[in-house]
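Below, each chain spelled out in residue letters.
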Amino acid sequence: MKDDKLNALDYFLSCKKYGSLFIFENGEERVVSEIKNINDGNGEISFVPISEDRFFCQQGETISCVNESNNISFQTKVIANHGNKWVTLEIPHSLKMINLRKSPRIVLKKQIKAREMKISSYGEEGLRKLMEHRGDVLDLSSMGAAFEISERRVDGYYKGDIVKIKISDKHSFLSNVDGMVVHKTLFHDLETDSRSYHIGVKFSKELDLTPILD
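Residues numbered from 1 in each chain as written. Predicted model: local features only at pLDDT ≥ 70, side-chain atom pairs only at ≥ 80, totals over all residues. Heavy atoms only, no water.

**What to know about the overall build of the chain**
Item 1. On a plain count of helices and strands, the chain comes out with two helices and 14 strands.
Item 2. For the chain, buried positions account for 43% of its 214 residues.
Item 3. Here the contacts in the chain between residues at least 6 apart in sequence split such that 57% fall between residues at least 24 apart.
Item 4. Carbon and sulfur atoms make up 46% of the accessible area of the chain, which totals about 12,300 Å². (Helix = DSSP H or I, 4+ residues; strand = E, 2+ residues; numbered from the N terminus. Buried < 20%, exposed > 50% of the residue type's maximum accessible area, 1.4 Å probe, protein only. Contact = heavy atoms within 4.5 Å. Areas by Shrake-Rupley, 256 points an atom, 1.4 Å probe, with all protein chains shown as cover.)

Structural data, given as structure tokens:
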């Protein structure tokens, strides 16, 4: 797996816009939270729990955090714990990004038409069909892909769910692909009040993408 460094401020500003979630853990306790405020001038960022959970960290402590997709993490210092209801942290200088895909990704442009993709969820054991949606292919590799479904609410597609995907009818090897959900992330654009879901899928077998790379 490859580790990269991301600009923390730009990343957090984007996450605040889309309502991304972050998970704080210390081995025994776990808090799922979202960004409350970003103070670039003071180099501070605040998080608030999305449920009734209470923050366990204390002022001056170093805390670890990972995003909902489990591919971006950071460690930083706690500036203040406000009654365990929200915390203010130092904005880290950089973030650690882990490339979960073992094979290179390609961003599709002309090869596959937008909204052509169709994904069906069969649940964790693949026993019953739960739902079907159309969406866009964000990127693709021989071992997996990321898709976007533009809906206000999408139940299902949880980690471990079995899915069948029609990525493209133009290419037979992309017309009926089996896979498993590895992550699902909600993006909420507060300016337009629109929502979309990014679904990460690992294919059950490696695909030969040579025909669409030529």
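Text resumes after the structure shown.
**What to know about unusual backbone geometry**
Item 1. Positive phi values are uncommon outside glycine, yet Asn84 reaches one of about 65 degrees.
Item 2. Within the secondary structure, Asn84 is located in the loop between β6 (72–82) and β7 (86–90).
Item 3. Overall, the relative accessible area of 24% leaves Asn84 in the partly exposed class.

**Considerations on the nonpolar core**
Item 1. Counting 24 residues, the largest nonpolar core has Phe12, Phe22, Phe24, Ile35, Ile45, Phe47 and Leu89 as the members making the most contacts within it.
Item 2. Contributions of two or more residues to this core are made by α1 (8–18), β2 (21–25), β3 (30–39), β4 (44–49), β5 (62–67), β6 and β7.
Item 3. With five residues, the top contributor of residues to this core is α1.
Item 4. Among all residues touching Ile35, those that are not within four sequence positions of it are Phe12, Cys15, Lys16, Phe22, Ile45, Ser46 and Phe47.
Item 5. Within the second largest apolar cluster, 22 residues are counted, among which are Ile167, Val177, Val181 and Leu207. (Core = buried A, V, L, I, M, F, W, Y, C linked by side-chain atoms within 4.5 Å.)

**With respect to the confidence of the model for the chain**
Item 1. A residue-level look at the chain finds 85% of positions with pLDDT of 70 or above and a mean pLDDT of 80.
Item 2. Of all the helices and strands in the chain, strand β1 (residues 2–7) carries the lowest mean pLDDT, 48, while β7 carries the highest, 95.
Item 3. The low-confidence segment residues 1–5 (pLDDT under 50) makes 14 contacts with residues lying over four places distant or belonging to another chain.
Item 4. Below pLDDT 50 for its whole length, residues 110–115 participates in eleven contacts with residues either more than four positions away or in separate chains. (pLDDT = per-residue confidence, 0-100.)

**Quick look at the pattern of salt bridges**
Item 1. Scanning the model with the defined rule gives three salt bridges in all.
Item 2. Arg30 is paired through a salt bridge with Glu25; the nearest N and O atoms lie 3.7 Å apart.
Item 3. Glu25 gets classed as partly exposed once you look at its relative accessible area, which sits at 44%. (Salt bridge = Lys/Arg side-chain N within 4 Å of Asp/Glu carboxyl O.)

**Brief notes about the side chain of Thr88**
Item 1. Tracing the backbone through its elements, the reader meets Thr88 in strand β7.
Item 2. In this structure the side chain of Thr88 is engaged in a polar contact, spanning 2.8 Å, whose partner is the side chain of His82.
Item 3. If sequence neighbours within four positions are ignored, Thr88 has contacts with Glu44, Ile45, Ser46, Val78, Ile79, Ala80 and His82. (Polar contact = N/O pair within 3.5 Å; in protein donor to acceptor, adjacent residues only side chain to side chain.)

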